[in-house]
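# Summary of the model geometry
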Amino acid sequence: MTATTPLAHTPATSAGPASSSPASDAGLLVLRLALGLTMAAHGAQKLFGWFGGGGLEGTGQYFELSGYPSGRTMALVAGLTETLGGLGLILGLLTPLAGAAVLGTMINALAVKWGGGFFAPEGVEYEVLLAAGAAAVALTGPGRLAVDRFLPGLRNHRLPTGVAAVLLAAVTAGAVLVIRN
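A short tour of the structure in this document, coming up. Quantities reported herein were computed from a predicted structural model and do not represent experimental measurements. (Residues numbered from 1 in each chain as written. Predicted model: local features only at pLDDT ≥ 70, side-chain atom pairs only at ≥ 80, totals over all residues. Heavy atoms only, no water.)

## Details of the overall build of the protein
- A tally of helices and strands in the protein yields 6 helices and 0 strands.
- Its helices and strands taken in sequence order, the protein reads α-α-α-α-α-α from the N to the C terminus.
- Buried positions account for 38% of the 181 residues belonging to the protein.
- A total of about 10,000 Å² of accessible surface is found on the protein, and carbon and sulfur atoms cover 71% of it. (Helix = DSSP H or I, 4+ residues; strand = E, 2+ residues; numbered from the N terminus. Buried < 20%, exposed > 50% of the residue type's maximum accessible area, 1.4 Å probe, protein only. Areas by Shrake-Rupley, 256 points an atom, 1.4 Å probe, with all protein chains shown as cover.)

## So, the nonpolar core
- Among the nonpolar cores identified, the biggest contains 16 residues, and L35, M39, L89, V102, L103 and M106 are the most heavily contacted of them.
- Mapped onto this core, the elements with two or more residues apiece are α1 (22-48), α4 (95-113), α5 (125-140) and α6 (159-178).
- In terms of residue count, the dominant contributor to this core is α5 (6 residues).
- With 7 residues, the next largest nonpolar core counts L47, F63, Y68 and A78 among its residues. (Core = buried A, V, L, I, M, F, W, Y, C linked by side-chain atoms within 4.5 Å.)

## Some thoughts on the packing of aromatic side chains
- Enumeration according to the criterion identifies 5 aromatic pairs in this entry.
- Seen in terms of ring centroids, W50 and F51 are 6.3 Å apart; in terms of plane orientation they differ by 90°. Their pairing is edge-to-face.
- Overall, F51 belongs to the exposed group, its relative accessible area being 60%.
- When the centroid spacing of 5.3 Å and the interplanar angle of 50° are considered together, the rings of F63 and Y68 count as tilted.
- Looking at F63, the relative accessible area reads 12%, which means it is buried.
- Overall, the relative accessible area of 5% leaves Y68 in the buried class. (Phe/Tyr/Trp six-rings, centres within 6.5 Å; stacked < 30°, edge-to-face > 60°.)

## Notes on the pattern of salt bridges
- Within the structure shown, the criterion is met by 4 salt bridges.
- Residue K46 is joined to E82 by a salt bridge in which the shortest nitrogen-to-oxygen separation is 3.0 Å. Highlighted residues: K46 in helix α1 and E82 in helix α3 (residues 71-91), separated in sequence by 36 residues.
- With a relative accessible area of 4%, E82 lands in the buried category. (Salt bridge = Lys/Arg side-chain N within 4 Å of Asp/Glu carboxyl O.)

## Observations concerning the packing of α4 against α6
- Between α4 and α6, the least distance of the axes is 8 Å, while the angle of their chain directions is 35°. Considering only the axes of α4 and α6, their crossing is right-handed. Every residue of α6 that contacts α4 at P96, L97, A100, L103, G104, I107, N108 and A111 is listed here: T161, A165, V166, L168, A169, A170, A173, V176 and L177.
- Per-class residue counts for the contact of α4 with α6 are 14 nonpolar, 3 polar and no charged. (Axes fitted to C-alpha atoms, helices over the stretch in contact; angles between N-to-C directions. Left-handed = near helix turned anticlockwise from the far one by under 90°. Contact = heavy atoms within 4.5 Å. Nonpolar A, V, L, I, M, F, W, Y, C, P; charged D, E, K, R; others polar.)

## Examining the side chain of E82
- A polar side-chain atom of E82 sits 3.2 Å from the main-chain amide nitrogen of G43.
- If near-sequence neighbours (up to four positions away) are discounted, E82 is found in contact with M39, A40, H42, G43, K46 and T105. (Polar contact = N/O pair within 3.5 Å; in protein donor to acceptor, adjacent residues only side chain to side chain.)

## Re α5
- In this model α5 runs 22 Å from its N-terminal to its C-terminal C-alpha over 16 residues, within 8% of the 22 Å that 1.5 Å per residue would give.
- Within α5, burial applies to E127, L130, A131, G133, A134, A135, V137 and A138. (Expected span 1.5 Å × (residues − 1).)

## Topic: unusual backbone geometry
- Geometrically, the link from A120 to P121 is a cis peptide bond, its omega value of 10° lying close to zero.
- Its place among the elements puts P121 in the loop between α4 and α5.
- Here the phi dihedral of L94 falls at roughly 50°; this positive angle occurs in a residue that is not glycine.
- Position of L94 among the secondary structure elements: in the loop between α3 and α4.
- Under the relative-accessibility criterion, L94 is labelled partly exposed at 41%.

Here's what the structure looks like:
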């Protein structure tokens, strides 16, 4: 009978936190890509009318019908937030802020769609999943397969950075919701 030894604790290095492994890095990359591509595509719908979107005019009208002032301006802000947040997640660039951008947008989407139940197509399950994914990436960090790995301040993601990003998303989304009728 042979004895097995427990896995040794790996100290944190400049390559990433101790809990990072090739499997978790790959999993975070898949999550970032799926979330980032989805959000960037939604942003392109708002900004350019791509993928069957309404463009700034159509989206602006929707925003006004949903109670937001200056619908076209709000469509521009939402489109830029979704596009840039999505691209940030794809690249793993400024990931806490990218996650905050997506989370804040989804908080507003939840407020608009609230009351239609949980399940799609009228419900909020899609928005809840996108918001949860964005919060998870903001809190966890992008993993080692990200541009942030090469940025000194973001190389070793820390929980307080993620918490600050989630709080920023909540406060910013709340401020936007305050101006909504």
